[in-house]
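# Coordinate analysis (summary)
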Amino acid sequence: NTDLRRLLAHEQIRQVAARYARGVDRLDVATMRSAYWPDAIDDHGVYVGDAMAFCDRVVSTHRRFDWTMHCILNHWIDVVDDTTAHGEIYNVTYVFREDAGRKLLETWWGRYLDT
């Protein structure tokens, strides 16, 4: 059934996004990597390149924070066919860190565009 396959694809895509956020927040590179195809390219603006190397980079650089929380908001998904889908996710990320003895909470706003 086409409708059932489409619903399943939507849920699988949502789970990929959740794994990415969970992996970043827990500094778990294996969970982050599970959100990408092995040959994926990531474009985060400041980094464009191999997604597996990006995961290593993120886990390494995020160790300076006490914690982060990636909150996934609106998630639009367009399943094109059996092998392609496009997604757009709005997110808010909270970053807690200490700087010169002061505790800081930063808020980052973003959008992920996925294929």
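Residues numbered from 1 in each chain as written. Predicted model: local features only at pLDDT ≥ 70, side-chain atom pairs only at ≥ 80, totals over all residues. Heavy atoms only, no water.

The subject of this paragraph is helix α3 (residues 51-62). Residues separated by three or four positions in an α-helix point in the same direction, a consequence of the helix having 3.6 residues per turn. With 12 residues, α3 should reach 16 Å at 1.5 Å per residue; the first-to-last C-alpha distance of 16 Å fits that figure. N-capping of α3 is provided by D50, with a side-chain oxygen placed 3.2 Å from the backbone N of M52. (Helix = DSSP H or I, 4+ residues; strand = E, 2+ residues; numbered from the N terminus. Expected span 1.5 Å × (residues − 1). Polar contact = N/O pair within 3.5 Å; in protein donor to acceptor, adjacent residues only side chain to side chain.)

So, on to the packing of aromatic side chains. Taken as a whole and assessed by the stated rule, the structure comprises five aromatic pairs. With 5.6 Å between their ring centres and 75 degrees between their planes, Y20 and Y112 make a pair best called edge-to-face. Of this pair, Y20 sits in helix α1 (residues 2-25) while Y112 sits in strand β5 (residues 102-114), placing them 92 residues apart in sequence. Among the residues examined, Y20 registers a relative accessible area of 10% and is labelled buried. With 5.8 Å between their ring centres and 75 degrees between their planes, F65 and W108 make a pair best called edge-to-face. Taken together, the residues F65 in the loop between α3 and β3 (67-79) and W108 in strand β5 connect sequence positions 43 residues apart. What makes F65 buried here is its relative accessible area of 7%. Put simply, the rings of Y20, Y36 and Y112 touch in pairs and so form one group of aromatic residues. (Phe/Tyr/Trp six-rings, centres within 6.5 Å; stacked < 30°, edge-to-face > 60°. Buried < 20%, exposed > 50% of the residue type's maximum accessible area, 1.4 Å probe, protein only.)

Considering the arrangement of structural elements, one finds I72 in strand β3. Apart from residues lying up to four places away in sequence, I72 is in contact with A17, A18, A21, I89, Y90 and N91. (Contact = heavy atoms within 4.5 Å.)

Here we come to unusual backbone geometry. The backbone phi angle of L27 is positive, close to 55 degrees, even though this residue is not glycine. As for its position among the elements, L27 is in the loop between α1 and α2 (29-33). Of the residues examined, L27 reaches a relative accessible area of 27% and is grouped as partly exposed. Notably, A100 is not glycine yet its phi reads approximately 55 degrees, a positive angle. Following the sequence through the fold, A100 ends up in the loop between β4 (85-99) and β5.

Here we take up the sheet that holds β3. Read across the sheet, three strands follow the order β3-β4-β5 without closing on themselves; strand pairing throughout is antiparallel. Edge strands, defined here as strands with exactly one partner in the open sheet, are β3 and β5. Ignoring which end each strand starts from, the neighbouring axes of this sheet average 10 degrees apart. As judged from the 11 bridges shared by β3 and β4, these two strands associate in the antiparallel manner. Along β4, the bridge assignment pairs V79 with A85. Docked against the sheet, α1 engages β3, β4 and β5, running at close to 160 degrees with respect to β3. (Pairing = 2+ DSSP bridges. Axes fitted to C-alpha atoms, helices over the stretch in contact; angles between N-to-C directions.)

So far we have only geometry, and geometry alone does not tell us how the molecule works.
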